[in-house]
Structures are given as structure tokens and as C-alpha cells.
Amino acid sequence: MTKLHFSRKQLCIPYALFLLLFVVIPMLMILFYAFTGEGADGSLTFTFSNFAKFFTSTAKLSTLLMSFTIAIISTAICLLIAYPLAYVLARSNWKKKNVLLMIFIMPMWINFVLRITALRELLDLIGLLGTQNYLNTIIGMVYDFLPFMILPLYTTLEKLDKSYLEAAADLGGNKFTVFTRVTFPLSMPGVISGITMVFMPSMTNYVVSDTLSNFNITILGKLIDEYFTTYDNWHMGSMISIILLVIIFLTLLATGGFKEDKNNARGANLW
Amino acid sequence: MAEMKKAKLSPEPKGETSPLKKEEKIIEIVGVSKIFDDTAAVDNVSLYVRKGEFITFLGPSGCGKTTTLRMIAGFDIPTSGKILLNGKDITDLPPNKRPVNTVFQRYALFPHYNIYDNVAFGLKLKKIPVTYVNDKGETYTKMQKLTRKEIDEKVKNALAVVDLEGFEKRSVSTLSGGQQQRVAIARAIVNEPEILLLDEPLGALDLKMRKEMQIELKEMHKKLGITFIYVTHDQEEALTMSDTIVVMKDGQIQQIGTPTSIYNEPANAFVANFIGDSNLFNGTMVGAKLVRFCNHNFKCLDDFEKNEKVDVVVRPEDIKMTNADEGMLKGQVISVVFKGVHYEITVKVGKTEVVIQNTESRNVGDTIGLDILPDGIHIMKKAFTENKYDGYITKKNTVVFGDGEFECDVTQLYPGSHLDEEGYLITAEGEQLDLTDTDVKVEVGFQSIEISDNAEEGGAQGHIVSIIYKGDHYQVIVRTEENEEDYVLDTEDLWNENDFVGVKIAPENIRLTLKQEIKQK
Amino acid sequence: MVRKILSVALCVAVLLFIYSPILLLVVYSFTSANVIGKWEGFSFSLYGDLFRNAEIMQILLNTVVLALVAAALSTLLGTAGAIGIFYSKKRVAAPLRGISQIPVINAEIVTAISLALLFSMVAFYRTYFSLVIGHMVLCTPFVVLSVMPKLKQMDPNIYEAALDLGAGPTTALFKVVIPQIFSGITAGFMLSITLSLDDYIVTAFTKPKTFDTISTYVYNAVKNGTNSSTPALRALSALIFVVMIAAVLILNLRVRKHSAKESAK
């Protein structure tokens, strides 16, 4: 047994080492930094003070709350736009609906910094830039992440076996009940997949908020960045990261995202 | 019958029936086991394959037949035991070093190659010794690849054997299932293996195609003259094609024999049930070549000890229908089904249902007589008639065995003994004994075990792993999860396989015997 | 009928939303005005400026080379990893699959600072090495995700058939397994390139101080307010938009046509 399959199994060793060195150990280092602090003499000591400081600082808590609100609103808008759109695309009888879908999710392939900068120019042109920071940030998040909502929704709706819908109609359901009782529940995996892909980046992708609010809005991701680059307090930065990870974990738990086929994640099947 | 039993038990399966010289054995499997994640897929199997024969491993899915084949091919390495090829140990040899080729169940053709490249795959990798003579007249040998021309020739011949001349440039996806199967065969035989292994090769074909291919494979076997080892779960296929059949179940060989001997003289109830349709009765030997079942004494050809409990197999076509009062048995027709060539008639004789196949029909409700001639009665020793376990007594004077704990009567260990108030056993002589942790042998009869849907009710719990209909009752095997202890029991109720049930045994039905004298307190 | 009109209206509205900023930039890349909104006549001058701007050209080259290097290494590592995981026992495979998911689910900023912590503590902080590793952490799990389903789809007997016909394990791997999963490998490679080109946050935390990719350069230009003073960036964006849209359309249409042809057989 060992002789025969040795060479194939062995192939995962470099990858395993890679994951250990550059994923597991770095994550453990964050954990380590989050619960340590620098003493007066510069030595590292174990402490919960970063944790305490975060939850007693109104500024940090309001950042958290504001990030959360922005992410929820952005995710909701994405869903409200993407669901009917994906539904229309998936249901269309047009033979080349794949091409149509392509056109809608095209932005996934284009550098997001450039796209957000382009959006900034447009917002500038219509006079929103510099006046409506929160609105701009939300528009930006929706603009950036909309394709990531459309794709999983389209995929699930397209795969949906039409005989379910026919059966529901056959059993006397009108169009509305067929949608609410059959189509929507069956498309839940796509909805969940889309939400997890939009919600988390909306809390952290500070390039969007920076660019569109002229650096006036600090979301959670930006806060982490600032503790590393501006304040040079890596311990606090790590603690905020841990808090963010807990939020991600809880979101996944709440949406059942763990069960999801992660192949959809960030468009793994783009190509 | 005598050699039959031997075939099942002896390590030299065919024993005296066909004395063989060692050279004739091409493959010999010696005490091979294969364990996957703690379960034995193949459990101490020994057999051999004669050069040039068409041997079939037959059994239900999960019986270990494919694993055995894969160990011969070299895809799996036995956990223990040896595999010999022409007397040489090849147990650990990788598949690419074995002169054996395989035809896979789902063909396993390489989809990225065309037919030619598929068939030529093995040839292109092959190196053969070529002998040269140098200037000085010395000969030397060089390992050399086959030339393009040689490969072309061989591929062409192989494709001709499977009737696919001219298909070289076609792509795999353009072929039908039957054609893909032929390519798979060509790809294997082109390498001129000593043994061709076929793993349910016809499983994916439709019935008509399967029948045709059966005949073709048999002809190919004759033409090529190499050994075929064939794996199938289809008993009809095995009976049609094989020289020798190896029937397997739960990783163990049940019987080895020719198709005729396996059909006519099944070694046990499982084989009888698996090969062809059959009626199984519980019988008792009542005299010399006289067996009693269905409340009638039948003459038979097999002789066992008097009063021995036996399994009786009667093939449906071996039961003759007579007028109501002229037969050995009398019963009422309860169903008639037309099966194309014959009718399948079910007759209720007493409590037992008997299935008959006949070209004549009867009407439901008719009372008819049944005759069974001695040569239609096949008698097999009961595999075992009692459940036997090793157990021990607990503090509470219950007994633990077979992954369970049961109330029992410990006084039976010492005749004339009784229990005192503290739970110590007082022997007839008045000695006080502490039975805690005493090792005992436990015996429980098949009829003494009850099973219950409410698993918690039982002293042990397990899943039903087998149900065999025995004419008037079902023989059920319940297997526990922890140590896979089996409880064999007879019941009239129909259960489902995989039901999770509790095993209940009344204290008076648990027979205990001491393993050794226990120390005095 | 009403539904149809609503459907079309929705599609058009979303398309307008998605493409208006892009269109705006493309249109205004053909005028020499410094600020968008002022049309100063059609001209290619911004493109001229762009190609004469050595700094931007260097950055463009940096970005592409980085993407190619990271994608190639990720594809190699990820393909081997996927094959290894696929053939490993569950005891080994399950934790590896689990850990593979971390960079996929994780917020990029967390991945970025975790790598920054590691490299600053050990060595190679803000070197090309740390940058490539950072991109590989982002890309490799996606290569594994792309290759894995192809391995699952593959008939498990195919590898055994090759061995059976006399191929050694390595020959069998390259002659049979790799061709079978090749579409997954190319998909993983393309995805890696896309992810690498798209990335800002991990790049920002792992790149050498003097090294810039398009993402970091443009972000910094916005940050420092030098964005509008370099109108050539508009031409760069427009060019990238058009090239990417064309590339994606051509590649995807070709793939679909090909697979349509296959299924027609």
C-alpha cells in the first residue's frame, strides 16, 4: 500500500508545509499578539487589556457598530438588486444567457482599485464626493461586491429543477406562492453564499471607504490597518483582528455558511 | 457431498477431486486478509487458480471479490498473507511490474487519448530484451522499446480480436458502452498478459449486450488460451461462463467448485440462496439417508448422523406437482406468476411456503400434492445451531457477553447451589463463593433470543445484518457495533436489514458453564 | 408584457450602474483635460503621456510579472497539494482542506497583518519574497479548489489502469492524471492571475517599500491627492478596462463554444 501510493500522497507535503508556515503560524501569531502587551521595559507580558480596551472605548465600539451597519445595508442592497436580476437571467429563454451573465459579472476580473477610482470620478462629477461620505461608501461596496452576489444566486437559480416549480403550480400554487414556498427556499444556498461573500468584505475593505469618503470614514478593516501602520500598536491591531474573526465565524455559523460548497467562494469557478 | 464440505474447509480447496501438480497453479493465494479501517474486506482467503482456466469470484457487493481481484492486480496490498504467481511471491510487487492486465468495470479508458493510443499505451511503455551479436561474435542483450511498426501491428491485431478494426482514430467519447468495453479488453490483451482480470466488466451494459458479450468473452478465452479471473455478482453470468466458481461472502470463501457442483450441491444455505432460486427448509435426519422436513420423511442421497439438524435445499424446478392426495406433501396454491418460460407457483404447506417452477400452471386456491425425488434434495450440515460466547459474571450476578449484559441464573454453574442475601453463591457443600469476574462459556439457542424495536429494552443492541428466509421462519443475524458480536436467532416476524434492535434473552435460556474452577473465598 | 418590460428595465439599470464609471473613464481618456467633466477636444495625448511615463510602465510590468510568478508558483503548489490531499487518508486530508479554507474565508486585512507579523518577526519582511508568498497565500487555496473537483470527477480506475498497463507512478501521474485535471489547473492559474492583479491589501503589507503595483500606486495617488495631477492614470485604467473586458469575453466565449462542441458530440 505505502509503496504504491507513496508518491501521490507525498505531493501534499509542500502544500502542508506552506499552509503551516504561512497560514497557521501567522494566525497563531495574531492570537499571541492580541493577548500580550509591552511592559514598561519593553518585555512582552500576557494581558487581557487589549480586549478590555476595545470594549470600553466608545470610539472603537462606534467604529464596529458603524462598520456593521454599512455592511448590513450594503449586503441588503446587493441582495435586493441581485436576486431579481439573477432570477430574470436564470429564467430567460435566451440561448446565450451565459454571455449575458458574463456581462453582469465582468467587473470581477477587473482590478477593484481602478474600478473604485473610476466610481470616485463619477461621484465627483455628480457632486456626491466629499458631501455624502456614508452614501458613497455604501454605493462603493455595492458597486464592488454586486457580482459576488449575482453569481451564486444565478448558479443556484439556474440549477433549480423546473419540475419542482411545475409540481408546485400543478398542486394549485399561484405564481406568488410558488415563489415564496418553492423557489425562494430552494435558492437559499445561493442567498447564503452571496451574503457571506458580500458582508465580510464590506466590513473590512477599506480601500472602498477611503477612496470614496476621502479618508473620512474608518471601518473595522481600516482600524486594523491604522493600528499597524499609523499607531504602531500591533497588539491592539491583532486584538481587533481576533474580534473580526469572531464576527466572521459567527456570521458563518448563523448563515450555515460552513455547510456551503466553498467552490462558490469569491467566484472560484470564474474560469 | 463429502468433497464438497472439504472444499469449503480445506486450505487446498479442490482437494481430492482434481489432484493437481504444483506447476499448474498460476496464482496461489495463501491466507490473505485485507483490512480497511478495522473491517476485514477479505478474511484469511486461500485458493489457487489453474493455468488457462476461467475462474469467477461470485458474491454480493461487499463480499471481498473485487478486493481479492485488486490484490492480484497489485492495486491493493494484502494486510497479511501471500500471493504467488507461478510459485513466486508477488505480494508487494507494484501493478506495473506484474504480467497481469485488468479490464475495469467502467472501462477506465483514457478520455484524452484516441482508441489507438489507448490500446498502444502499454506497448509504448514496454521494453523487451533484444539479443544482438557484435563484431567479435559475442552476443549481448539490450532492453529495447517496441518499434512503431511492431506496435501498429499488435494494436491492429488486438482490435481485430474485439471486432473493432478501423476504429484507431476514433475518440473514446464517440463509442457506445459495448464498444468501449471492447476497447478496454483490447487494451488489456494487447500486452499479452498471463492473466486477464475482469472486474464486473459487463455490469454497465444492457441485458442484450451483456448476453452477447458473455459469449464473446468465452470465445476469446478459448482463442487466447490465457487465464481469466472474472468478478461478478451475477450468478447466471458466473454459471454460464466459468470453469470454476468461487462463492464469497463477508470476505470469506463459501464454496469453490464447478458451476454444476455449486448449483447442485451448495455447501451451505447462503450459497443455495445466492445461486439460483431455492427453497430452504429446516430438517432433521431421521434415519439412514432419510430426512424429515415439512412433517414428512424424504429419502435423500446424503447421509448424516441421525437426529442431526440440517438445512435442506430444494430447487423450485425439482418439485413435481401431483394430484392432491397422491403427493408426499399437500398444500394450497396461494400465488401463480407467469415468468416467460415457466410459472412460479407458491404453495402453502402447513406453515411453510414452497416455491415451484413448472411449465404447467395451477389456479390459486387449488389444493395440490407435491413430490420431491431424492436427487432433488440437497442436505447441508447446519452451520451452527447455537450462539456461543465467552463471558464473565458481574458483581450483580448478571453475565456480560456479546457486547451486552443479561440477567441470568448463576446457580446453574454449581448444581444444588443457591444465592445468599448478599449475593454470594452457596454451593451444595455450603461453601461461599464470590462469582464476580468469573469467566464463563455462554450458550443461547436460536429460538431463545427475542429482538425488540426498542433497543434500550435489550441486554445488547445491534443492527440486523442478515435475514434468510427458512421456509417457515426467518433466520436473523443481529450484529453489535462495538465488537461485532453476532446474535443468530429464529423469528417468524419479518424485520428489515439495518434495523437497530435490542436483543432480549430470558434468564432461563442462558446456559452457562464454567471455564475453570474459581478460587474459594 | 409588463413583467418583460420590468425585467429589461432592471437589466439596463444595473448595466448602467456597473458600466457608467468605466465608460466615463474610457471617454475622458481621449481628451487631454486634467479633470473629468471638462472636454477639451478629442486627443490621444493621455495615452502618449502614459507610454512615456517610465514609472507607470515599470509598475505595470511589476504587476504583471508578480501576477505571473505568483500564479505559476501557486498553480504548481496547489495542483500538487490537491493531488496529494485527494489521495491521502481522511485523517490527513480533512485538516488540510480545513486549513485551506482559512485564507478563503478570512478577511484580507487579517491575512495581510498575519503575514506582516510573521515576516517582521522572522525575516524577509517587505521583500519580494514576502510579497510573492503573500500572493501565494491568497491564490493557492483557489487552485486547490479548482483542481479538486476535477480529481473527484476523474474515474479512479484510470490511474490504476495506467499502472496496470505498465506505467510507473510518475509516468501514470503525468500521462493520465494531469491531462485529466488540466482544465482545473488552467482555471486555477487564470484565477490566481486575476486574484493577484486585483489585490491591494496583502500587497500593501508585504511589498518592499519602493515597489508598487497598479493597486498600491493608484490607491496612494488618491491618498496623496496626486490622482488628478496624473491624468495618464485615466488612460491606464481605460486601457486595462478594455483589455480585460476583451480578454474575458474572448476566453469565455471560446471555452463555451468548445464545450458546446464537445457536448454536441
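Residues numbered from 1 in each chain as written. Chains lettered and ligands numbered in written order. Predicted model: local features only at pLDDT ≥ 70, side-chain atom pairs only at ≥ 80, totals over all residues.

> Describe in detail the overall build of chain C, supporting the description with residues and values.
Counting its regular elements, chain C contains 11 helices and 0 strands. Seen through its C-alpha atoms, chain C measures out along the principal axes to roughly 75 × 65 × 35 Å. A fraction of 75% describes how many contacts in chain C between residues 6 or more apart in sequence connect residues 24 or more apart. (Helix = DSSP H or I, 4+ residues; strand = E, 2+ residues; numbered from the N terminus. Contact = placed C-beta atoms within 7 Å.)

> Explain the interface of chain A and chain C residue by residue, including any values.
Taken together, the 67 residues of chain A in the interface contact 72 residues of chain C. No other element matches helix 2 (residues 12–34) of chain A, which puts 16 residues into the side of chain A that touches chain C. Residues belonging to the side of chain A that touches chain C are distributed by class as follows: 48 nonpolar, 12 polar and 7 charged. (Nonpolar A, V, L, I, M, F, W, Y, C, P; charged D, E, K, R; others polar.)

> Please set out the sheet that holds strand 12 (residues 252–257) of chain B residue by residue, giving values where relevant.
Residue and element names in this part refer to chain B. The 6 strands are arranged 6-9-10-3-11-12 in an open sheet whose pairing can be described as mixed. Lying at the two open borders of the sheet, with one neighbouring strand each, are strand 6 (100–103) and strand 12. Between one strand and the next, the sheet's axes are offset by a mean angle of 20 degrees, whatever the strand orientation. Bridge count between strand 11 (residues 244–249) and strand 12: 5 bridges; the pairing is antiparallel. Of the residues in strand 12, the one forming a bridge with Val-247 is Gln-255. (Pairing = 2+ DSSP bridges. Axes fitted to C-alpha atoms, helices over the stretch in contact; angles between N-to-C directions.)

> Tell me about the packing of helix 6 (residues 128–153) of chain C against helix 8 (residues 169–198) of chain C, residues and numbers included.
Helix packing for two helices is described by the angle between their axes and how far apart those axes are. All names here are of chain C. The contact between helix 6 and helix 8 brings their axes to 8 Å, and the two run at 155 degrees. Between helix 6 and helix 8, the angle falls in the class roughly antiparallel. The way helix 6 lies across helix 8 gives a crossing that is right-handed. Of helix 8, the residues touching helix 6 (which contributes His-135, Leu-138, Cys-139, Phe-142, Val-143, Ser-146, Val-147, Pro-149, Lys-150 and Leu-151) are Gln-180, Ile-181, Ser-183, Gly-184, Ile-185, Ala-187, Gly-188, Leu-191, Ser-192, Leu-195 and Ser-196. Each residue belonging to the contact of helix 6 with helix 8 can be placed in one class, and the counts come to 12 nonpolar, 8 polar and 1 charged. (Parallel < 35°, antiparallel > 145°, perpendicular 65-115°, else oblique. Left-handed = near helix turned anticlockwise from the far one by under 90°.)

> For the nonpolar core, give the residues involved together with the corresponding values.
Counting residues in hydrophobic clusters, the biggest one holds 250 residues, and the most contacted among them are Ala86(A), Ile150(A), Val246(B), Ile113(C) and Leu115(C). By residue number, the principal contributor to this core is helix 7 (residues 133–159) of chain A, which donates 14 residues. Taken domain by domain, the makeup of this core includes at least three residues from each of domain 1 (2–99 + 193–264) and domain 2 (277–381) of chain B. Apart from residues no more than four positions distant in its own chain, Val246(B) is found in contact with Leu47(B), Ile55(B), Thr56(B), Phe57(B), Leu58(B), Ile253(B) and Ile256(B). Among the nonpolar cores identified, the runner-up in size contains 25 residues, and Val400(B), Cys408(B), Val442(B) and Ile449(B) belong to it. (Core = buried A, V, L, I, M, F, W, Y, C linked by C-beta atoms within 7 Å. Buried ≥ 20, exposed ≤ 12 C-beta atoms within 10 Å, placed from the backbone. Domains from an automatic or database assignment.)

> If you had to explain the interface of chain C and chain B to someone new, which residues and values would you point to?
Of the residues lining the interface, 16 residues belong to chain C; the matching set on chain B comes to 20 residues. Residue assignment for the side of chain C that touches chain B shows that the elements contributing at least two residues are helix 7 (157–164) and helix 8 of chain C. Broken down by element, the side of chain C that touches chain B gets its largest block of residues, 6 residues, from helix 7 of chain C.

> Outline unusual backbone geometry, listing residues and values.
Residues and elements named next belong to chain B. Even without being a glycine, Asp-250 presents a positive backbone phi close to 50 degrees. With respect to the element layout, Asp-250 can be found in the loop between strand 11 and strand 12. By the C-beta count within 10 Å, which is 18 here, Asp-250 ends up partly exposed. Although it is not a glycine, Asn-295 sits at a positive phi angle of roughly 55 degrees. For Asn-295, the position within the fold is in the loop between strand 14 (290–293) and strand 15 (296–299). With 10 C-beta atoms packed within 10 Å, Asn-295 lands in the exposed category.

> Break down the sheet that holds strand 28 (residues 432–433) of chain B for me, with residues and values.
Residues and elements named next belong to chain B. The strand order across the open sheet formed by 3 strands is 26-27-28, and the pairing between neighbours is antiparallel. Each end of this open sheet is capped by a strand with a single partner; those strands are strand 26 (418–419) and strand 28. Here strand 27 (residues 425–426) runs beside strand 28; their pairing, made up of 2 bridges, is antiparallel. Following the sheet pairing, Leu-425 is matched in strand 28 by Leu-433.

> Give me the lowdown on the packing of helix 3 (residues 115–125) of chain B against helix 5 (residues 177–189) of chain B, citing residues and values where you can.
All names here are of chain B. The contact between helix 3 and helix 5 brings their axes to 7 Å, and the two run at 30 degrees. When the axis of helix 3 is compared with that of helix 5, the two are roughly parallel. Taken as a pair, helix 3 and helix 5 cross one another with a handedness that is right-handed. Together, Ile-115, Asn-118, Val-119 and Phe-121 of helix 3 and Val-183, Ala-186 and Arg-187 of helix 5 make up the contact between the two elements. Partitioning the contact of helix 3 with helix 5 into residue classes produces 5 nonpolar, 1 polar and 1 charged.

> How would you explain the domain arrangement of chain B if you had to name every residue and give the values?
Residues and elements named next belong to chain B. Once the domains are mapped, chain B shows domain 1 (2–99 + 193–264), domain 2 (277–381) and domain 3 (386–514). Here domain 2 and domain 3 have C-alpha centroids that lie 35 Å from each other. At the interface, 7 residues of domain 2 touch 4 residues of domain 3. Of all the elements in the fold, those that place two or more residues in the side of domain 2 that touches domain 3 are strand 13 (279–287) and strand 20 (352–358). Tallying contributions element by element places strand 13 first for the side of domain 2 that touches domain 3, with 4 residues.

> Tell me what's going on with the pairing of strand 32 (residues 474–480) of chain B, and back it up with residues and numbers.
Residue and element names in this part refer to chain B. As defined by bridge partners, strand 31 (residues 460–469) adjoins strand 32 across 7 bridges and the pair is classed as antiparallel. Along strand 32, the bridge assignment pairs Ile-468 with Gln-475. Both strand 32 and strand 33 (residues 486–491) contribute to a ladder of 6 bridges, which runs antiparallel. Bridging across to strand 33, Gln-475 finds its partner in Asp-490. If you look at the hairpin formed by strand 32 and strand 33, you'll find 5 residues sitting between the two strands, and Glu-484 has a positive phi there, around 55 degrees.

> Explain the environment of Val202(C) residue by residue, including any values.
Residues and elements named next belong to chain C. Counting through the fold element by element, Val-202 comes out in helix 9 (residues 201–206). A sequence separation of 93 residues divides Val-202 from Ile-109, and the C-alpha atoms of the two residues are 6.9 Å apart. Every residue in contact with Val-202, bar those within four places of it in the chain, is listed here: Glu-108, Thr-111, Ala-112, Leu-115, Gly-134, His-135 and Leu-138.

> So what's going on with helix 6 of chain C? Residues and values would help.
The end-to-end C-alpha distance of helix 6 of chain C, which contains 26 residues, comes to 37 Å, matching closely the 38 Å that a straight helix rising 1.5 Å per residue would cover. The sharpest bend along helix 6 of chain C measures roughly 35 degrees and falls at Val137(C), with the proline Pro141(C) sitting one to four residues further on. (Expected span 1.5 Å × (residues − 1). Bend = angle between axes of the 7 residues up to and from the residue.)

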